[in-house]
Amino acid sequence: MRILSWFLVIVGVFGLISVRALEDRIFYDPFLTYFHEANKNLPFPDFEWGKLIAGHVFRFVLNLFFSCLIIHFWFKNKEWTIQGAILITIIFLITFPIYLYCIYDRFEIGYLFSFYMRRFVIQPLILLLIIPMFYYRKQVLQKK
């Protein structure tokens, strides 16, 4: 059973890597090249709001699924998986509207600020905080 758990954690990691590797093919995001070039003088890309929002929400759902797969099979605790999903969702619900405002404002609020808001929207960065937090929690509970 332990081998299956680690295999599913690895599947989750590769799932997250695949979302990132295939981002230009499976998601509508005209800002990919805009931010990859790292040139503030590039013309602001044309885009469709509906497709952009749907693409980011779809990407969030995939990242959430693979993140929950990692959390669940790493710690084998359904409550923690739910807590992780809630934390990831809260971060998305906070950062996504801010990022959409940055787009609406044509990144006048700041190029780097917009860049990092986008990172929190499209990447599962919060997972890098959740895993150590749950690991620490597990260690504390084992000492009691």
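Structural data are supplied above this passage.
Residues numbered from 1 in each chain as written. Predicted model: local features only at pLDDT ≥ 70, side-chain atom pairs only at ≥ 80, totals over all residues. Heavy atoms only, no water.

Caption draft 1: Just the side chain of Thr95, in detail. When you line up the elements, Thr95 lands in helix α5 (residues 78-104). Thr95 sits in the buried class, given a relative accessible area of 6%. Setting aside residues no more than four positions away along its own chain, Thr95 makes contact with Met117, Phe120 and Val121. (Helix = DSSP H or I, 4+ residues; strand = E, 2+ residues; numbered from the N terminus. Buried < 20%, exposed > 50% of the residue type's maximum accessible area, 1.4 Å probe, protein only. Contact = heavy atoms within 4.5 Å.)

Caption draft 2: Here's a closer look at the pattern of salt bridges. Under the definition given, this model contains four salt bridges. A salt bridge links Arg20 to Glu23, with the shortest nitrogen-to-oxygen separation between them at 3.0 Å. Given the relative accessible area of 34%, Arg20 is considered partly exposed. On the accessibility criterion, Glu23 (6% relative accessible area) is buried. Linked through salt bridges whose partners overlap, the residues forming this network are Arg20, Glu23 and Arg59. (Salt bridge = Lys/Arg side-chain N within 4 Å of Asp/Glu carboxyl O.)

Caption draft 3: Representation of the nonpolar core in the model. Core analysis: the largest hydrophobic core is formed by 37 residues, its most contacted members being Phe31, Phe35, Tyr99, Ile103 and Phe107. When near neighbours in sequence (up to four residues on either side) are disregarded, Phe31 contacts Phe44, Pro45, Phe47, Leu52, Tyr99, Ile103, Phe107 and Arg118. (Core = buried A, V, L, I, M, F, W, Y, C linked by side-chain atoms within 4.5 Å.)

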